[in-house]
Amino acid sequence: MRNRTCLTLLGVLTAATALAQTEPQKSPPLATATPPPNVQTAGKIPAEKSPPPLTSPVAQTQGEITTPAPEDKNPPPPFDTANMDTSVKPSDDFFLFANGGWIKRTPIPPEYSRWGSFNQLIEKNNDALHDVAERAAGETTATDPDAKKVGDYYASGMDEAKVEVAHARPLADELKRIDGVKDGNDVLKEIAHLHTLGVTSFFGFTSGQDDKNSTMVIAQAYQGGLGLPDRDYYTKTDDDSKKLRDQYVQHVTKMLTLLGEEPKAAGEHAKKILALETSLAQASRTKVELRDPQKNYNKMKTSALQALTPDFKWDAYFKETNLPNPGELNVGQPDFFKGANKVFASTPIDAWKEYFRWHLVHATAEELSADFVNENFNFYETTLRGTKQIKPRWKRVVASTDSSIGEALGKLYVADYFPPESKARMLDLVNNLRSALADRIKTLEWMDEATKEAALKKLAAFTVKIGYPDKWRDYSALQIDRGPFVLNAIRASIFDVHRELNKIGKPVDRSEWGMTPPTVNAYYNPKLNEIVFPAGILQPPFFNPKADDAVNYGGIGAVIGHEMTHGFDDQGRQFDEVGNLRDWWTPESAAKFKERSGAVVKQYSEYEPLPGLHVNGELTQGENIADIGGVKIAYAALQKALAGKPQEKIDGFTPEQRFFLGFAQIWRSVQRDEDLKLMVNTNPHSPARYRVNGPLSDLVEFQKAFNLPDNCPMVRPADKKVNIW
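Conventions adopted
Residues numbered from 1 in each chain as written. Predicted model: local features only at pLDDT ≥ 70, side-chain atom pairs only at ≥ 80, totals over all residues. Heavy atoms only, no water. Core = buried A, V, L, I, M, F, W, Y, C linked by side-chain atoms within 4.5 Å. Buried < 20%, exposed > 50% of the residue type's maximum accessible area, 1.4 Å probe, protein only. Contact = heavy atoms within 4.5 Å. Helix = DSSP H or I, 4+ residues; strand = E, 2+ residues; numbered from the N terminus. Polar contact = N/O pair within 3.5 Å; in protein donor to acceptor, adjacent residues only side chain to side chain. Phe/Tyr/Trp six-rings, centres within 6.5 Å; stacked < 30°, edge-to-face > 60°. Axes fitted to C-alpha atoms, helices over the stretch in contact; angles between N-to-C directions. Parallel < 35°, antiparallel > 145°, perpendicular 65-115°, else oblique. Nonpolar A, V, L, I, M, F, W, Y, C, P; charged D, E, K, R; others polar. Pairing = 2+ DSSP bridges. Salt bridge = Lys/Arg side-chain N within 4 Å of Asp/Glu carboxyl O. 1 Å grid on protein atoms, 1.4 Å probe; cavity = no way out; pocket = protein on both sides within 12 Å on 5 of 7 lines; lining within 4 Å. Points joined across faces, edges and corners; volume = space filled by probe spheres on them. Lys, Arg positive; Asp, Glu negative; His and termini not counted. Expected span 1.5 Å × (residues − 1). Arc of directions from axis to C-beta. pLDDT = per-residue confidence, 0-100.

We now examine the nonpolar core. Across soluble globular proteins, nonpolar side chains have a tendency to be buried as a group. The biggest cluster of nonpolar side chains holds 123 residues, and the ones touching the most others in it are Phe94, Met426, Phe533, Phe660, Leu696 and Trp725. Other than its neighbours up to four places away in sequence, phenylalanine 533 contacts Met426, Val430, Lys465, Ile466, Gly467, Trp513, Ala522, Leu538, Val559, Ile560 and Glu563. Counting residues in hydrophobic clusters, the runner-up holds 70 residues, among them Ile178, Val249, Ala283 and Leu305.

Attention shifts here to helix α1 (residues 94–105). Listing the buried residues of α1 in full gives Phe94, Phe95, Phe97, Ala98, Asn99, Gly100, Gly101 and Trp102. In this structure, the buried side of α1 is in contact with β5 (114–116), α2 (117–138), α22 (655–665), β13 (669–671), α24 (688–698) and α25 (700–705). Put simply, aspartate 93 is the residue that caps the front of α1, since its side-chain oxygen is 3.2 Å from the backbone nitrogen of phenylalanine 95.

Scanning all chains against the criterion turns up 55 aromatic pairs. With a centroid separation of 5.9 Å and an interplanar angle of 75 degrees, the aromatic rings of tyrosine 248 and tryptophan 358 are classed as edge-to-face. A residue pair is termed long-range when its members are at least 10 positions apart, and tyrosine 248 in helix α8 (residues 239–258) and tryptophan 358 in helix α13 (residues 349–364) qualify at 110 residues. In this structure tyrosine 248 comes out as buried when scored by relative accessible area, which is 1%. Exposure remark for tryptophan 358: the relative accessible area of 0% places this residue in the buried category.

Okay, the packing of α8 against α13 next. Here α8 crosses α13 at 85 degrees, and the two axes come no closer than 10 Å. The pairing of α8 with α13 is recorded here as roughly perpendicular in orientation. Taking contact as the criterion, the partners of Tyr248, His251, Val252, Met255 and Leu256 in α8 are, on α13, Glu354, Arg357, Trp358 and Val361. Counted by class, the contact of α8 with α13 contains six nonpolar, one polar and two charged residues.

So, about the environment of methionine 216. Note that methionine 216 resides in strand β7 (residues 213–223). For methionine 216, a relative accessible area of 26% puts it in the partly exposed group. Separated by 289 residues in sequence, methionine 216 and glycine 505 place their C-alpha atoms 6.7 Å apart. In this structure methionine 216 touches Gly208, Gln209, Asp210, Gly505, Lys506, Pro507 and Val508, once residues within four positions along its chain are discounted.

Glancing now at unusual backbone geometry. Look at the link from proline 540 to proline 541: it is a cis peptide, with omega at 5 degrees. Checked against the element boundaries, proline 541 lands in the loop between β12 (530–534) and α19 (549–566). Backbone geometry at asparagine 322 places phi at a positive 60 degrees, although glycine is not the residue there. On the basis of relative accessible area, asparagine 322 is assigned to the exposed category, the value being 67%. Notably, asparagine 711 is not glycine yet its phi reads approximately 70 degrees, a positive angle. Mapped onto the elements, asparagine 711 comes out in the segment after α25. We classify asparagine 711 as exposed; its relative accessible area is 63%.

This paragraph deals with the sheet that holds strand β6 (residues 203–210). Within the open sheet, the four strands sit side by side as β6-β7-β9-β8. Their pairing is mixed. Bordering the open sheet on either side are β6 and β8 (299–300), each of which pairs with just one other strand. With three bridges connecting them, β7 and strand β9 (residues 329–331) associate as parallel partners. When the sheet's bridge partners are listed, alanine 221 is paired in β9 with valine 331. Packed on one face of the sheet, helix α12 (residues 334–346) meets β6, β7 and β9 and runs near 35 degrees to β7.

A word on the pattern of salt bridges. Under the defined criterion, the tally for this structure stands at 48 salt bridges. The partner of arginine 385 in a salt bridge is aspartate 675, with the nearest N and O atoms 2.7 Å apart. In this pair, arginine 385 is assigned in helix α14 (residues 370–385) and aspartate 675 in helix α23 (residues 673–682), connecting sequence segments 290 residues apart. For aspartate 509, the salt bridge is made with lysine 471, and the minimal N-O distance between the two is 3.4 Å. Taken together, the positions of aspartate 509 in the loop between α18 (485–501) and β11 (523–525) and lysine 471 in the loop between β10 (463–467) and α18 put the pair 38 residues apart, joining distant regions of the chain.

With that out of the way, let us pick up the layout of surface pockets. In this structure, the second largest pocket occupies an estimated 620 Å³ of space. Forming the walls of the second largest pocket are 23 residues, and the residues nearest its centre are Tyr233, Asp240, Leu244, Lys677 and Asn681. Secondary structure elements with two or more residues in the lining of the second largest pocket: α7 (232–235), α8, α14 and α23. Residues of the lining of the second largest pocket, tallied by class, amount to seven nonpolar, eight polar and eight charged.

In this section: the pairing of β6. Taking burial as the measure, the eight residues of β6 include eight buried ones, the bulk of the element. Two strands pair when backbone bridges link them, and β6 and β7 are joined in this way by eight bridges, in the antiparallel orientation. From the neighbouring strand, phenylalanine 203 faces β7, where its bridge partner is glutamine 223. Hairpin connection of β6 to β7: two residues between the antiparallel strands.

What follows covers the side chain of glutamate 367. If you trace the backbone, glutamate 367 turns up in the loop between α13 and α14. Buried charged residue glutamate 367 carries no salt bridge. Nearest counter-charge: arginine 396, at 8.4 Å. Side chain to side chain, glutamate 367 and serine 400 meet in a polar contact 3.2 Å long.

Further remarks concern helix α20 (residues 587–605). Taking 1.5 Å as the rise per residue, α20 with 19 residues should run 27 Å; its terminal C-alpha atoms sit 27 Å apart, in good agreement. Turning to α20, its buried residues are Ser589, Ala590, Phe593, Ser597, Val600, Val601, Gln603 and Tyr604. Taken end-on, α20 shows its buried residues confined to a sector of 160 degrees, consistent with a single buried face. More than 90 degrees from the buried face of α20, the exposed residues found are Pro587, Glu588, Lys594, Glu595 and Lys602.

Following the sequence through the fold, serine 511 ends up in the loop between α18 and β11. Considering only alpha carbons, one finds serine 511 and aspartate 470, 41 residues apart in sequence, at a separation of 7.1 Å. Engagement of the side chain of serine 511 in a polar contact is seen with the side chain of lysine 471, the distance being 3.3 Å.

We now examine the confidence of the model for the protein. With 90% of its residues at a pLDDT of 70 or more, the protein shows a mean pLDDT of 90. Every residue in residues 1–6 scores below 50 in pLDDT, and together they form 44 contacts with partners more than four places removed in sequence or on other chains.

Once that is clear, we can look at the side chain of glutamate 174. Within the secondary structure, glutamate 174 is located in helix α5 (residues 172–179). For the buried glutamate 174, no salt bridge exists, and the shortest N-O distance to an oppositely charged side chain is 5.1 Å, to arginine 177.

Next comes the structure, spelled out in structure tokens:
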């Protein structure tokens, strides 16, 4: 399905070179393989060119909008002091000082595994998308083809009675095809066929920019094929990991039983599926190893790939995926494919058939009847994340619509809910942050002049995308109707896979986006050297056109700085101004960077969110570098913005103090222990508390703003302070 590897603010798009700030994550309508490290969706738009339509096609009556974007009559203040806990000293724990009042009175809603600023804004956007989708579904005679697709897709998902009656019957043809697998050639064809559906199977295959020729798209093959979140879930030998694997087998058993297998046979098949996936996991690289873009770049001819996997006939695979001549391709993890070849050659045919059945139903579970939906939720949300209650149907269908035809939905969304003045204010903020980072680079004491010159060249080349694409995706070839919901999801996935594979051998389309407009997130794409801010995140508490500069610079300013810093973190710094994987650093400056980034790893590895559970400083170092650099650059930009202006206090706080309070509030959250464990094991972002306290404890600007004493918990000793960007 979607193969996105941009670095996100929240962490859900974690390919080894995607950079952003991440938080929550929506489930796509079909399962996706692990995104290929360093393979990023193209996307670079000078977003000022083409404004969105002035009115939504489904919200018009004789040229007038019938439901304009609602305005909050009682908007909360830009920073609400009621959310603070002043019983906590800012010198002890600034995260709790700024957010503790909110944390004390805020339970985690049963349908969430964590709840915070991101989730609250996502809920607000969900309400807007719900309104857009409902209106589209009601306009059965809509003349706008994208609006009609949105309406039909949403309506098919909301027809619960039809979905329940259908059960798994819409998958009958696919299941019959799997039942017909007789030999190794059939196994290979089924792997390829499932890939064309967007179903993870055995390994991952898609298109992506050539890391060392960023103007061209090439084929990309990479490790994948697992049903658990990460390879470590198969390889760890502690009691909790063993228990989780047992629960996984029970879950797979139940899903196969729902497809019609006898429970005893399904249980045996589930064990074989676990064994097959374990073999793939043992051949896979760890998440930390996947962070090295140089090791993930292994461009070769198909003959060389064939030599890696002598039993897997790539010509037949390419024929089955309608890609007769892929040309040279990047093989992300060659050792994985060596191991996968052994799995392919040694696994019995019946085990393959069960593996295919499992991954098909796993991929489509959320669009099937309630028994599939609930069992899928019980394992992937309740067991893995601690979520207590499934979201209402309309929220799940809206999320599926956004994942499947997100730009069609997004076009309607921005027409009603994204004011043009937000884009203009954002551009000013971005320019101010860029200027502040340039000043910082020029004065770095550890970087030599040759590297500074190259860094400034890269910074000047940043492309900025704000709000929505210039060129909306063309869905005219995609069939969407009011028939079975799951078939709409599958056709949307087939459409997306075809679109991705059709790019191979062609120039990069720099007009594409890696996120849909309603997404509450942001990202940096090193291969396009771009920073991207969807309309969804450009709202309070991140961005508030009516807020004072201090709060906006602490919120969206820190987000902008975060994404900019990704261009110069441990991964992003390896790509040049046009997106090529190229070493533009002098050896001396590179050595000094590594010394400082090593200090970041050490600092965050000391944090212990739960007893015995430490943050993985290696896995999270890129995001931690971006967090530290982002807030520092945003603060410097604020100082420029405040120059010559009255320094008035608001709610008793100086602009400098409100900056740090505004920064802390974007990370306010409460989280279930299960979700926290999953995050620490798999997510390249640190838990929210350390995204606040970690960076601030390194900044002398923060210490000065709150007049904090040396050696307090929120002030790291001078010899341990991290100072990169």
